[in-house]
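# Tertiary structure, described
Each chain, written out:
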Amino acid sequence: MSWVAKTGSALARLALLVLALGGAWSVHAQAVPYQRPVETAPQQDTIGGGYRTPAVQHPLPRDYWLQVVDVVALGAAMGVSIWLVLKRRSRTWLVALAIASLAYFGFYREGCICPIGSLQNVVVAIADPRYSIPIVVTATFVLPLAVALFFGRAFCGGVCALGAIQELVVLRPIQVPRRLDRALGLLKYAYLGLAILLAIRPALAREFLICRFDPFVGFFRRTGSPHMLLIGGAFLVAGMFVGRPYCRYLCPYGGLLAWCARLARRGVTITPDRELDCGLCAGACPYGAIEKMRAVGRNCLYCARCYSACPRDGELAHAKAGLVQVRGAGPQ
Amino acid sequence: MSDLQTRRDLFSTVARGTVLAVLAGGAGFLVKKANGQVVWQVDASRCINSRLGEVGVAACNLCTTECVVALSAVRAVNEYSRCGRCNICPAYFNITSAVNELGQPSEKLCPRDAIRRRPIGKVDPEDPANNFYEYVIDEEKCDGCGKCVMQCKEPLGLGSITLRVRYDKCVNCNRCSISTACPQKALMQLPVHQATQPAEVQRPG
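Residues numbered from 1 in each chain as written. Chains lettered and ligands numbered in written order. Predicted model: local features only at pLDDT ≥ 70, side-chain atom pairs only at ≥ 80, totals over all residues.

## Section: the overall build of chain B
Note the following rule: Under the scheme used here, helices are H or I runs from DSSP no shorter than 4 residues and strands are E runs no shorter than 2 residues, and both carry numbers assigned from the N terminus. Computation of the radius of gyration draws on C-alpha atoms alone. For the globule rule, the value is 2.2 Å times the number of residues to the power 0.38. Think of it as a crowd count around each C-beta: if 20 or more other C-beta atoms lie within 10 Å the residue is buried, if 12 or fewer it is exposed, and in between it is partly exposed, with C-beta placed from the backbone throughout. Here, residue contact means that the backbone-derived C-beta atoms of the two residues sit within 7 Å.
When you go through chain B residue by residue, the secondary structure sums to five helices and six strands. Taking 17 Å as the expected radius of gyration for a compact globule of 205 residues, we find that chain B reaches 26 Å, considerably beyond that expectation. Taken over the C-alpha atoms alone, chain B extends approximately 100 × 35 × 30 Å along its principal axes. Counting every position in chain B, which comprises 205 residues, the buried fraction comes to 41%. The long-range fraction of contacts in chain B, counting pairs at least 24 apart against all pairs at least 6 apart in sequence, stands at 73%.

## Some thoughts on the packing of helix α9 (residues 187-199) of chain A against helix α14 (residues 252-262) of chain A
All names here are of chain A. Basically, it comes down to this: Structural elements are reduced to axes, namely lines fitted to C-alpha atoms, with helices fitted over the stretch in contact, and the angle between N-to-C directions of any two is expressed from 0 to 180 degrees. We call two directions roughly parallel when the angle between them is under 35 degrees, roughly antiparallel when it is over 145, roughly perpendicular when it lies between 65 and 115, and oblique otherwise. Two helices crossing with the near one rotated counterclockwise from the far one by less than a right angle form a left-handed crossing, whereas a clockwise rotation gives a right-handed crossing. Charged means Asp, Glu, Lys or Arg here, nonpolar means Ala, Val, Leu, Ile, Met, Phe, Trp, Tyr, Cys or Pro, and polar covers whatever is left, Gly included.
One can describe the packing of α9 onto α14 by two numbers: an axis separation of 8 Å at closest approach and a directional angle of 115°. With respect to each other, α9 and α14 are oriented roughly perpendicular. Both α9 and α14 take part in a crossing whose hand is left-handed. Here Lys188, Tyr189, Tyr191, Leu192 and Ala195 of α9 lie close against α14, whose contacting residues are Pro252, Gly254 and Gly255. For the contact of α9 with α14, the per-class residue count stands at five nonpolar, two polar and one charged.

## Some details on the interface of chain B and chain A
Taken together, the contact pairs 66 residues of chain B with 61 residues of chain A. If you tally residues by element for the side of chain B that touches chain A, the top one is helix α1 (residues 2-32) of chain B, at ten residues. For the side of chain B that touches chain A, the per-class residue count stands at 35 nonpolar, 18 polar and 13 charged.

## Overview of the nonpolar core
How we decide: Think of a nonpolar core as buried Ala, Val, Leu, Ile, Met, Phe, Trp, Tyr and Cys residues, each tied to the set through C-beta atoms within 7 Å.
Ala148, Phe155, Ala161, Leu257 and Tyr302 of chain A together with Cys148 of chain B are the most contacted members of the largest nonpolar core, which totals 127 residues. Ranked by residues supplied to this core, first place goes to helix α6 (residues 135-151) of chain A with ten residues. Once residues lying within four places of it in the same chain are set aside, the contact partners of alanine 161 of chain A are Ser101, Leu102, Phe105, Gly106, Gly111, Cys114 and Phe220 of chain A.

## What to know about the environment of isoleucine 95 of chain B
All names here are of chain B. Relative to the assigned elements, isoleucine 95 resides in the loop between β2 (74-78) and β3 (115-119). Residue classification places isoleucine 95 among the buried positions, given that 23 C-beta atoms sit within 10 Å. Residues isoleucine 95 and leucine 109, spaced 14 residues apart in sequence, show a C-alpha to C-alpha distance of 8.1 Å.

## Details of unusual backbone geometry
Along the chain, cysteine 112 of chain A connects to isoleucine 113 of chain A via a cis peptide bond; the corresponding omega equals -5°. Within the secondary structure, isoleucine 113 of chain A is located in the loop between α4 (91-108) and α5 (115-127). With an omega of 10°, the peptide bond running from glutamate 154 of chain B to proline 155 of chain B counts as cis. Of note, proline 155 of chain B is situated in the loop between α3 (147-151) and β5 (161-165).

## Quick notes on α14 of chain A
Of all eleven residues making up α14 of chain A, nine are buried, and the element is well covered by its neighbours. Listed as buried for α14 of chain A are Pro252, Tyr253, Gly254, Gly255, Leu256, Leu257, Ala258, Cys260 and Ala261 of chain A.

Quick look at the structure:
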């Protein structure tokens, strides 16, 4: 192509013309002069013969009302999560909800937008007067936190796509020693701080750490850089034996949810004085969220395993205080 | 004990109220300055493939290699109203390849064979140079490598093909990874209504 550069505009056009004509020459003995200089685009009328210019596709981004639907779906899924865990105490249905959320927020929406990543946009929008975010992003960020203030981390159980993909691979979870669990749990606050620090830098140096190093979004999009897919795979393999490692030790939004969940009035509760005091629930919790026979709201990920492990779960579901009695030990 | 419990309840109620107020205040602040949606788009007058004056240089394919979406959310789009509908389209044919018996270059330019060529109306065999041809890009095959874009501009083409972000593909990353890689800073965030307009190419200077 260097000849084009050298000859310049006019000569190059001539060259193309010669090329085209040269080709025509070989077929037809008579040369046909090129009567249509390529300077203006022929329009429908020039072409004639009822020719219609095809429509150019300029697909619009996802409709605003569909983005509102996403936020409504987020709220509804959290409502269902609360109802399934606190009222129905049903692990089975919670798994079904997790699969549905994984399909919708994960594979269909390809992991965007999620409350975890929206955290950075919110921080930037507060720090930078020239940066602002759509209302749906604000809502996506605030909703799970507001819910956590009252009911605990309902978002983490069966709604968050990143949580759901890890929830479904938990195979033989070990109990992480309490001190190690706590120490690793501090990592997520360091990550949160780092993400905020990088997000509030000036516009050109700004970095969205959480999105860049999201270990699972590559699976949702069925494409991604090899090293991130490897890290994601490693998290899933580790997640078979250590319950939900990303949620417990790295998720920065999980850190915020944990603070809010501390203040929750309702949430998953274990009441040994009313129940059997057998400790099966504590053994069943892969997330170290049952300490001294009490559910710890800030660590509870709403998985409902404690209920399904409870030998008296059937009686306790829908039970009111006072109705609970050990079978055969008291009046029926 | 019950006194302690009451005090704890009171504390958590106050704390919860405070956090709610902070959340509501923050949300209110953000809603007040909320914008419409902004999306990424290629500035055709910055992109080295479509920018005028860039001739004889290799096409830049960073849009293909850097995008996080499969293939790429950036595709070549032919703005038909600007297309010359040429017989020998420099974006369709590899015009440096040998001429075949039909009088056309023997190779196509697109590595993924994503451009379709069909004659418009009746073809006059006596006057092959002056027939009109329609060039349609198969958006499902195109990966935005920019080769056709580099050719479809002066001196040979009219600049009807440009690289565009396809919003049915783009996931609208916070920081578009193509924008980070693009040496021309050709990717910019625009309000939706501006970003979905056809691309404008400006002459340098």
